[in-house]
Amino acid sequence: MRILVVEDSDSIRSMIRTLMTARGHDVEAVSTGAKGIDAALARKPDVVLLDLHLPGSFDGLDVCRRLRESVATRLVPIIVISAIDDESMKARAMEAGATAYYTKPFSPTALLKELESVHP
């Protein structure tokens, strides 16, 4: 499975990349929303793991909306992984097109199960 990780924290991005590559997945990891949009449109992922708080001109909600607007990525599952544990933010993420929402810190096992459920 091709996974795109859009996460500004170097340590979390590295941990997710290590976890996913150990499971045999092809992982591309970027640190900004703009790079995430570009990467997804250049080479369509099977799943996007997306942080909401990103530096630059596109936050995670913007990325989610942009990917839903594109015919190429409209149906790609987007799993939000965010430190924001707030029901209104979860609702905003789902309205923007997120498939699932995980709060940091998250269980790597639960994340792997979620990946398998959205892309068997």
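A.B. asks: Is there a simple way to explain helix 4 (residues 87–96) in this structure?
C.D. replies: Note: α-helices contain 3.6 residues per turn, so residues at a spacing of three or four share the same orientation. Along helix 4, the residues that are buried comprise M89, A93 and A96. Buried residues of helix 4, viewed axially, fall in a sector of 65°; they line one side. Turned more than 90 degrees off the buried face of helix 4, the exposed positions are E87 and E95. Summarising the contacts, the buried residues of helix 4 are in contact with helix 3 (60–69), strand 4 (78–82) and strand 5 (100–103). Where helix 4 ends, the next residue or the one after it, G97, has phi of about 120°, a positive value.

A.B. asks: Teacher, can you tell me more about the pattern of salt bridges here?
C.D. replies: Two side chains with opposite charge may pair up if their charged atoms get near one another. Evaluated as defined, the whole model comprises eight salt bridges. Among the salt bridges present, the one from D85 reaches K90, with a minimum N-O distance of 3.4 Å. On the basis of relative accessibility, which here comes to 57%, the residue D85 falls in the exposed class. Note that E87 is salt-bridged to K90, the shortest N-O span being 3.6 Å. Residue E87 and its partner K90 are located together in helix 4, separated by three residues, close to a single helical turn. Residue K90 is classed as partly exposed on the basis of its relative accessible area of 21%. Via salt bridges that share partners, E7, D51 and K104 belong to a single interconnected network.

Definitions and limits used
- Residues numbered from 1 in each chain as written.
- Predicted model: local features only at pLDDT ≥ 70, side-chain atom pairs only at ≥ 80, totals over all residues.
- Heavy atoms only, no water.
- Buried < 20%, exposed > 50% of the residue type's maximum accessible area, 1.4 Å probe, protein only.
- Helix = DSSP H or I, 4+ residues; strand = E, 2+ residues; numbered from the N terminus.
- Arc of directions from axis to C-beta.
- Contact = heavy atoms within 4.5 Å.
- Salt bridge = Lys/Arg side-chain N within 4 Å of Asp/Glu carboxyl O.

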